[in-house]
Structure formats: C-alpha cells, structure tokens
Amino acid sequence: MLDRDRCLALDAEDPLREFRDEFVLPEGVVYLVGNSLGALPRRTPERVRQAVEQEWGRQLVGGWNHAGWYEQPLTLGDRLAPLIGAGPGQVVVGNTTSIAIFQTVAAALRLRPDRRVIVSDVTNFPTDHYIVQGLARALGGGHEIRDVAEGRFDDAAVVLLSEVDYRTSERRDVPAITSQVQDAGALMIWDVCHSVGALQVDVSAADFAVGCTYKYLNAGPGAPAFLYVNPRHHHSAENVLSGWHGHAEPFAFERDFRPAEGIRRFAVSTPHVLSFAALDAALDVWERVPMDQVRAKSTALTSLFVDLVGDAVELASPRDAERRGSQVSLRHPDGYPVMRALIDRGVQGDFRAPDILRFGFAPLYTRYVDVFDAAATLIEVLEKELWRDERYAQRLTVT
Ligand SMILES: *Cc1c(COP(=O)(O)O)cnc(C)c1O
C-alpha cells in the first residue's frame, strides 16, 4: 500500500504537475467535484474582465462585429472539436446540454421518419431521459421510449447514451456501440458530459454528440453546452428549434425560416457572450494538454483511491480502471451525512440519491497526495462514525 510520502513523490514526477498552477484552488480543500463544476482557471477572471470592460464597455453593440461575438458559437466550437475527436465546422457551442439533447433527438427522428422507437437509458442523468419524454409527448404520443437494457435496436430511430455514467462512472465502449446501433439502421447520439476533458473522446463515427463545458472542461457555472453533427447530416439534419441564429441570413430578417449551411443551422439564438469569455480562457489551457497523459493520470488516481479505500465501503464503480471514467463512486446507506462529514473536514465530494458518494478526480489539478488525504479522511469518518453527528443529517438544497 502506498504511503503519503510515496504520493508526494508521485506528484513530483507527474508530467501534468505544472497544470495545477493554472487553477485557483482554495487552501486546505481537497476538491473532488471537478466532475460537476470544474475549478476556476487562473486566466479566466482577466479574460472575463476584458470581455466586460474592453468589449462590452467600449465597443458596445459593435462587439458583435468587432469582438467576434457573432462568430463565437462556431469559433469556440472549432477550438473544442479536438477534445471530442471532431474536425472544424462540426461543433457549435451555446445553450445547454438539455437543449442540445432536444435538438439532436428531434433531428434524428426527422431523419428516420419510418421508425418510432427512441432508445434511452432510464438510469442516465435524469435530464437526458426527461427531455426524451417531453419530446415524445410533444410529438403526440406515437413514439415508444425503450430502455437500453432491453438491448434491441432493430426498429429504433435513435439511441441516446452517455459515454460515462454520472452515477457509477461506468464507461461505455463508444466505437462498438456506435457501429452496433448504426448497423441496426438507427442513429447514435452520445452524451459526453462526464467524459470530455477526462479522457480522449472520439465521437467522429457517431451521428450526433452533446456535452457540457462546466465539468472537466472548467468553463464555469452555467457555461454553454456543445453540439456535434456528423458532416454526413449537415445538409439533411433539421433543427426544430429554428431560431434566427440558425437561419441562412439572420440579418436579412426574412419572413420564413431557411436553414444555414453546415453546423450553423444548429445555432438557436443570441449567444451567451460573457460565458463564452470564460470558455475561451478554459480552452487556452486545454490547447496545451496531452490527452494521453490525462487518461493515464486519471486511471492512476482512481485506482489509487479504490486501493486505499479497500473494503471500508462498497465500490459502486467498475473495479477495472479501463471501464471507469475519472470518478469513483461508493455506496453507503448513510451516504449523505458521510459526505457532509467529509466536507466539514476539507474533502469535497458530492452525493447522489439514494446512496452514492461521488469523488471526481480532475487530472489537471488533483494530486496523488489529495487522493491519499481523501481516502484517509473517509476511513476515519467511517471508523469513528463521525458522520453520526446530527448536524450532518439535514439536507441542503443542492447536494
Ligand atoms: C451534467 C449533465 C447534464 C447537464 O445538463 P444541463 O442542461 O447543463 O443542466 C446533462 N446530461 C448529463 C449526462 C450530465 O452529466
């Protein structure tokens, strides 16, 4: 078993160690929630200040032309594309993941009008499944929603799945499932919220992909989502949220909607320029990151945590590191007070109902020694039953 000094030595040899200095991290906190809200990049406040003061403050409405605001959904999409295995002109940034799910599932259904089955994962992050349910209702009730566990794609129009499960961190085999789905004549949509920035994502064979930028990508609270469309669908896929920014000529102010060429047709409306500034700064960091090192460190960190925790608490994630994302989930019947007790002792993870403790190990700023300290604190909280303190029983709104 590794001791604390050995962890410090691993940190000294870590090829990604310089990236920790790119982030603002509060003293005395082991932050293991980068899978939910990534840490603040050191360069972000200045970039956001510049967007507010120099662009908005000085250029006013001229910022749309002269500060590049109008083009940012596509220019930022191009910067993000390599992180998901996509090329230029294939990714648009804006809105939220929920909205992008609505757009892509609706587009897929329009591309397969002869099929009426939507395959979804009922255990996925709820918004994915909720959006599918709402869309099916809006379409008049003629569509069947089938859980992926049934394993049948032969009559499916579209299959929507997450690459890495938000609750268990289980990682799906993207190339294998994509070809299985497409061989069955269905379209494949990948949600990469929990894999982008944690491992090298490659959705290039998929039909569509969606994801958010505020988790491992560190673009900040409320940061925009991204939407990938395979170029083979650029001329045929329809954006049912046909807002003016997806129009071929938004400033012609024509009476009827006419889709733009290419990925732009999936833009909807006025972009979130101030949030884009934070995304732009976050992507500066990613430009220099070797993704193979990210995955190597990620599996080393999660494996270390699994080893250190041992059988002190039930593992809810796959034991095989290859089948895990960058998060380790543990199952405990009193998971909520256990997590509150940990947070009180400077180890910040989160809790997902009914009984899951989640620990996200963002490879750019999490150290081996953080893993050691988190595991040691967890074991102490469990052994001494420190979580039984009644202060920890009361639920806060956001868990
Ligand atoms: C985080 C996450 C979302 C977030 O959706 P929003 O629309 O940004 O609130 C959606 N799906 C999955 C799988 C997620 O992990």
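Reading the values: the criteria
Residues numbered from 1 in each chain as written. Predicted model: local features only at pLDDT ≥ 70, side-chain atom pairs only at ≥ 80, totals over all residues. Heavy atoms only, no water. Buried < 20%, exposed > 50% of the residue type's maximum accessible area, 1.4 Å probe, protein only. Helix = DSSP H or I, 4+ residues; strand = E, 2+ residues; numbered from the N terminus. Contact = heavy atoms within 4.5 Å. Near = heavy atom within 4 Å. Polar contact = N/O pair within 3.5 Å; in protein donor to acceptor, adjacent residues only side chain to side chain. Areas by Shrake-Rupley, 256 points an atom, 1.4 Å probe, with all protein chains shown as cover. 1 Å grid on protein atoms, 1.4 Å probe; cavity = no way out; pocket = protein on both sides within 12 Å on 5 of 7 lines; lining within 4 Å. Sits in = over half its atoms within 2 Å of the grid points. Nonpolar A, V, L, I, M, F, W, Y, C, P; charged D, E, K, R; others polar. Axes fitted to C-alpha atoms, helices over the stretch in contact; angles between N-to-C directions. Parallel < 35°, antiparallel > 145°, perpendicular 65-115°, else oblique. Left-handed = near helix turned anticlockwise from the far one by under 90°. Domains from an automatic or database assignment. Buried area = accessible area lost by both parts, 1.4 Å probe. Salt bridge = Lys/Arg side-chain N within 4 Å of Asp/Glu carboxyl O.

### Describing helix α10 (residues 335–344)
And step 1. Counting buried positions along α10 yields 7 of 10 residues, so the element is predominantly enclosed.
And step 2. Regarding α10, the residues found buried are Gly335, Tyr336, Pro337, Val338, Met339, Ala341 and Leu342.
And step 3. Among the structural elements, β13 (347–348), β14 (350–352), β15 (356–360) and α11 (368–383) are those in contact with the buried residues of α10.
And step 4. Once α10 finishes, glycine 346 follows within two positions and takes phi at roughly 85°, a positive value.

### So, the site of the ligand
And step 1. Taken together, 13 residues surround the ligand, and among them Ser98, Asp128, His194, Tyr214 and Lys215 come closest.
And step 2. The side chain of histidine 194 places a nitrogen or oxygen atom 3.2 Å from an oxygen atom of the ligand.
And step 3. Measuring from an oxygen atom of the ligand, one finds a side-chain N or O atom of lysine 215 at 2.5 Å.
And step 4. Relative to its unbound accessible area of 390 Å², the ligand is 87% covered by the protein chains.
And step 5. The cavity where the ligand resides is the second largest pocket.
And step 6. Counting residues per element, the ones that place at least two in the shell around the ligand are α5 (97–111) and α6 (126–138).
And step 7. Across the shell around the ligand, the residue classes tally to 3 nonpolar, 7 polar and 3 charged.

### As for the packing of helix α9 (residues 291–309) against α11
And step 1. It is at 9 Å that the axes of α9 and α11 come closest, and there the two elements cross at 25°. When the axes of α9 and α11 are compared, the pair comes out roughly parallel. Of the two possible hands of crossing, α9 and α11 adopt the one that is right-handed. From α9, Lys297, Ala300, Leu301, Leu304, Phe305, Leu308 and Val309 reach across to α11, where they touch Tyr368, Val371, Phe372, Ala374, Ala375, Leu378 and Ile379.
And step 2. Here the contact of α9 with α11 is composed, by residue class, of 13 nonpolar, no polar and 1 charged.

### Side note on the domain arrangement of the protein chain
And step 1. Domain annotation for the protein chain reports domain 1 (4–31 + 290–393) and domain 2 (46–285).
And step 2. Taking the mean C-alpha position of each, domain 1 and domain 2 sit 30 Å from one another.
And step 3. Taken together, the contacts link 26 residues of domain 1 with 16 residues of domain 2.
And step 4. Across the domain 1 to domain 2 interface the summed buried area is about 1700 Å²; carbon plus sulfur atoms make up 54%.
And step 5. Considering only the side of domain 1, the residues that lose the most area to domain 2 are Met291, Arg323 and Gln327, jointly responsible for 28% of the buried surface there.
And step 6. Applying the counting criterion to the domain 1 and domain 2 interface returns 2 salt bridges.
And step 7. A salt bridge links glutamate 170 to arginine 323, with the shortest nitrogen-to-oxygen separation between them at 2.6 Å.
And step 8. Linking domain 1 with domain 2 are 10 residue pairs in polar contact (both at pLDDT 80 or more).
And step 9. Residue assignment for the side of domain 1 that touches domain 2 shows that the elements contributing at least two residues are α9, β12 (327–331) and β15.
And step 10. No other element matches the 4 residues that α9 contributes to the side of domain 1 that touches domain 2.

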